[in-house]
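Residue-level structure breakdown
What follows is the residue order along each chain.
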Amino acid sequence: MRTPSAILSQAALAMALVVSFAVSAEEEPTLDLPPAPSEDVKQIKEVCLDLILEQEVPREERDEFLLTCVNDQLFDMGYLAVNAADLK
């Protein structure tokens, strides 16, 4: 069972992801960013997977959507992007 703070944290992360998609950013990730902790990547991936279902992303676009979603959030948090293999 999820605690209320965990639910709020996930809801806040989901809202941040929606906002990050709404704001078009032309910023390039830099190589001097640290890698994200694996637990953060896992949580972000779960939220992005929920967004895929909520937004009814077509099956053929899901892998690209997931990678973009995760990397946009990681970049906003100050972390280095991951590649598709890191999300398997």
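One structure accompanies this document, and this report is about it.

Conventions adopted
- Residues numbered from 1 in each chain as written.
- Predicted model: local features only at pLDDT ≥ 70, side-chain atom pairs only at ≥ 80, totals over all residues.
- Heavy atoms only, no water.
- Helix = DSSP H or I, 4+ residues; strand = E, 2+ residues; numbered from the N terminus.
- Buried < 20%, exposed > 50% of the residue type's maximum accessible area, 1.4 Å probe, protein only.
- Contact = heavy atoms within 4.5 Å.
- Patch = residues over 30% accessible without salt bridge, like charges linked within 9 Å, V, L, I, M, F, W, Y side chains within 5 Å.
- Areas by Shrake-Rupley, 256 points an atom, 1.4 Å probe, with all protein chains shown as cover.
- Salt bridge = Lys/Arg side-chain N within 4 Å of Asp/Glu carboxyl O.
- Lys, Arg positive; Asp, Glu negative; His and termini not counted.
- Charge placed at Lys NZ, Arg CZ, Asp CG, Glu CD.
- Core = buried A, V, L, I, M, F, W, Y, C linked by side-chain atoms within 4.5 Å.
- Axes fitted to C-alpha atoms, helices over the stretch in contact; angles between N-to-C directions.
- Parallel < 35°, antiparallel > 145°, perpendicular 65-115°, else oblique.
- Left-handed = near helix turned anticlockwise from the far one by under 90°.
- Nonpolar A, V, L, I, M, F, W, Y, C, P; charged D, E, K, R; others polar.

On a plain count of helices and strands, the protein comes out with 3 helices and 0 strands. Listing every helix and strand of the protein by position from the N terminus yields α-α-α. Relative to its full complement of 88 residues, the protein shows a buried share of 26%. Considering only contacts within the protein whose residues lie at least 6 apart along the sequence, 68% involve residues at least 24 apart.

Time to look at a negative patch on the surface. A contiguous patch of negative charge on the surface is contributed by Glu39, Glu46, Asp50 and Glu54. Within the element layout of this structure, Glu39 appears in helix 2 (residues 38-54). Looking at Glu39, the relative accessible area reads 44%, which means it is partly exposed.

Bringing the nonpolar core into the picture now. Counting 15 residues, the largest nonpolar core has Val70 and Leu74 as its most contacted members. Put simply, the parts of the chain that give this core at least two residues each are helix 2 and helix 3 (62-76). For Val70, the residues in contact, after removing those within four places along its chain, are Ile44, Lys45, Cys48, Val82 and Leu87.

Let us look at the environment of Ala81. Along the polypeptide, Ala81 turns up in the segment after helix 3. Using a relative accessible area of 36% as the deciding quantity, one classes Ala81 as partly exposed. Residues Ala81 and Pro35, 46 residues apart in the sequence, show an inter-C-alpha distance of 7.4 Å.

Right, let's talk about unusual backbone geometry for a bit. Here the phi dihedral of Glu56 falls at roughly 50°; this positive angle occurs in a residue that is not glycine. Within the secondary structure, Glu56 is located in the loop between helix 2 and helix 3. Relative accessible area serves as the criterion here: at 67%, Glu56 is assigned to the exposed category.

Okay, the environment of Ala84 next. Along the chain, Ala84 falls in the segment after helix 3. Separated by 14 residues in the primary sequence, Ala84 and Val70 have C-alpha atoms spaced 10.0 Å apart.

Put simply, helix 2 and helix 3 touch, their axes get as near as 9 Å, and they point 135° apart. One way to sum up the angle between helix 2 and helix 3 is to call them oblique. In this structure, helix 2 meets helix 3 at a crossing whose hand is right-handed. On helix 3, the residues touching Val41, Ile44, Lys45, Cys48, Leu49, Leu51 and Ile52 of helix 2 are Arg62, Phe65, Leu66, Cys69, Val70, Gln73 and Leu74. Tallied by class, residues from the contact of helix 2 with helix 3 come to 11 nonpolar, 1 polar and 2 charged.

Worth remembering: the numbers are spatial, not functional.
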